[in-house]
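Each chain, written out:
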Amino acid sequence: MTHEDRRRIAAWLAEGLGYAEIGRRLGRSTSTISREVARNSAPGDYVADHAQRVSGDRARRRKPARPAEPTADERPADVVRGFVEQFATLLAATGLPRMTSRVFVCLLTADADGLTAADLVRRLQVSPASVSNSIGYLEAMELVARHPNPGGRRERYVIDDDTWLRAWQADTGAHSKIATAARRGIEIFGADTTAGTRLGAMGQFFAWLSEQMSGSTLTESAVYDALTVLAALVHAGRPLTLGTLATALGWPEGRATAALDAIRRQPAIADPLALRTVGPRTYTLITRPDRLSPAQCKALHQ
């Protein structure tokens, strides 16, 4: 338990939070919090500075102090622990649970073969349950992978090279679902209502975020053809059939079809416009429905 952890416990106790809620916020078990308060309280109250001093005195009585052992790359262990705690505090400020942040940074700074649960318990000096809960949280976010432990039964937890891509893609899917849900909300509440306006702004933001994060799997030539088709539709100023479009561009119909498909797969290519099918193999461009609010559309029509 760090001094900062104890300050948080004292503050949350003063706010009237129970041990279970404090444990959840710190990523610790309820019993760990209850033991901490029971063993390190000042007369009548739990004070962070007193708890830190009492805990330190107990640790010094239990075993003699010894210099921090160097890590494998010769960096002192206390320097590494300090970095882990500082980085974990920054991650916790983004919403990641404090204990989960500590486990994640510990794995982030581990060797390539990762760490076992026992390694994490020993390094962080926390309960196995706290490590298990944090690993489960990180696995759900696809930030940590399990690897077999050569020569042992325990699995090792690692941060793979493609961890960031998996996490990025997972977030993209969530953003797309939020945008879809927001559009559904507009249908329920109405675009002209306060709720509809808020949901419209939210849906627009998360749709943009999803598109920007999803990245493009299209080749450079496919993107070039898609932009050429968009330019042709804008220049024509009217709906065009696939045959007319291909003939005007001097392309085979298959090439024009591939360009149209690329626009459908990656709508961000056409932003702030959107491709619309208005008849059998007939296409035109419209303004993206989420680019302008209902009030803005009304003002422009007037």
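Quick caveat: nothing in here was measured; it's all calculated off a predicted structure.

Reading the values: the criteria
- Residues numbered from 1 in each chain as written.
- Predicted model: local features only at pLDDT ≥ 70, side-chain atom pairs only at ≥ 80, totals over all residues.
- Heavy atoms only, no water.
- Helix = DSSP H or I, 4+ residues; strand = E, 2+ residues; numbered from the N terminus.
- Buried < 20%, exposed > 50% of the residue type's maximum accessible area, 1.4 Å probe, protein only.
- Contact = heavy atoms within 4.5 Å.
- Arc of directions from axis to C-beta.
- Expected span 1.5 Å × (residues − 1).
- Salt bridge = Lys/Arg side-chain N within 4 Å of Asp/Glu carboxyl O.
- Core = buried A, V, L, I, M, F, W, Y, C linked by side-chain atoms within 4.5 Å.
- 1 Å grid on protein atoms, 1.4 Å probe; cavity = no way out; pocket = protein on both sides within 12 Å on 5 of 7 lines; lining within 4 Å.
- Points joined across faces, edges and corners; volume = space filled by probe spheres on them.

S.K.: How do you make sense of the side chain of R102 when you look at a structure like this?
M.R.: Along the chain, R102 turns up in helix α6 (residues 98-108). For R102, a relative accessible area of 5% corresponds to the buried category. Setting aside residues no more than four positions away along its own chain, R102 makes contact with D5, R28, V84, E85, A88, L124 and V126.

S.K.: How should helix α7 (residues 117-124) be read in this particular structure?
M.R.: Since there are 3.6 residues in each turn of an α-helix, residues three or four apart along the chain are aligned in direction. Taken together, the buried positions of α7 are D119, L120 and L124. Projected onto a plane normal to the axis of α7, the buried residues spread over an arc of 110° and lie on a single side. Buried residues in α7 make contact with α6, β1 (115-116), α8 (128-140) and β3 (156-158). Just past α7, the residue Q125 takes up positive phi, approximately 55°.

S.K.: Would you take a moment to explain helix α11 (residues 220-236) for this structure?
M.R.: Spanning 17 residues, α11 covers 24 Å between terminal C-alpha atoms, matching the ideal 24 Å at 1.5 Å per step. Taken together, the buried positions of α11 are occupied by D225, A226, V229, L230, A232 and L233. Mapping the buried residues of α11 onto a view down its axis gives an arc of 160°, with all of them on the same face. Turned more than 90 degrees away from the buried face of α11 sit E220, Y224, V234 and H235, all of them exposed. Looking at the buried positions of α11, the neighbouring elements they touch are β4 (240-241), α12 (242-249), α13 (253-265), β5 (273-279) and β6 (282-287). One or two residues past the end of α11 sits G237, with phi positive at roughly 70°.

S.K.: What should I look at first to understand the pattern of salt bridges in this one?
M.R.: Pairs can form between side chains of opposite charge once their charged atoms are near each other. In total, this model carries 17 salt bridges according to the counting rule given. One salt bridge connects E187 with R184, and the closest N-O pair in it is separated by 3.1 Å. You can see E187 and its partner R184 sitting in helix α9 (residues 163-189), 3 residues apart, about one turn around the helix. Residue R184 is classed as partly exposed on the basis of its relative accessible area of 48%. Of the charged contacts, one joins R281 and E253 as a salt bridge, the two residues approaching to 3.3 Å between their closest N and O atoms. Here the residue R281 occupies a position in the loop between β5 and β6, and E253 occupies one in helix α13, the gap between them amounting to 28 residues. With a relative accessible area of 35%, E253 lands in the partly exposed category. Three or more residues are tied together by salt bridges with common partners; here these are D5, E85, R98 and R102.

S.K.: What is the right way to read the nonpolar core from this model?
M.R.: Nonpolar side chains in soluble globular proteins tend to be buried together. V103, L107, L120 and I135 are the most contacted members of the largest nonpolar core, which has 22 residues in total. No other element matches α6, which puts 6 residues into this core. If sequence neighbours within four positions are ignored, I135 has contacts with V103, L107, L120, V144, R146 and Y157. With 18 residues, the next largest nonpolar core counts L240, L242, A256 and Y283 among its residues.

S.K.: It is not clear to me how the layout of surface pockets should be interpreted in this structure. Could you clarify?
M.R.: Empty pockets left among the atoms are what a rolling probe the size of a water molecule brings to light. Estimated volume of the second largest pocket: approximately 650 Å³. Lining the second largest pocket are 32 residues, with R183, A207, R288, P289 and D290 positioned closest to its centre. Among the elements of the structure, α9, α10 (194-214), α13 and β5 are those that each provide at least two residues to the lining of the second largest pocket. With 11 residues, the top contributor of residues to the lining of the second largest pocket is α10.

S.K.: Teacher, can you tell me more about the environment of A236 here?
M.R.: Within the secondary structure layout, A236 lies in helix α11. Under the relative-accessibility criterion, A236 is labelled partly exposed at 23%. Between the C-alpha atom of A236 and that of T284, which follows or precedes it by 48 residues, the distance is 9.3 Å.

S.K.: What should I look at first to understand the side chain of S134 in this one?
M.R.: Within the fold, S134 resides in helix α8. For S134, a relative accessible area of 2% puts it in the buried group. Not counting chain neighbours up to four residues away, the residues in contact with S134 comprise M99, T100 and V103.

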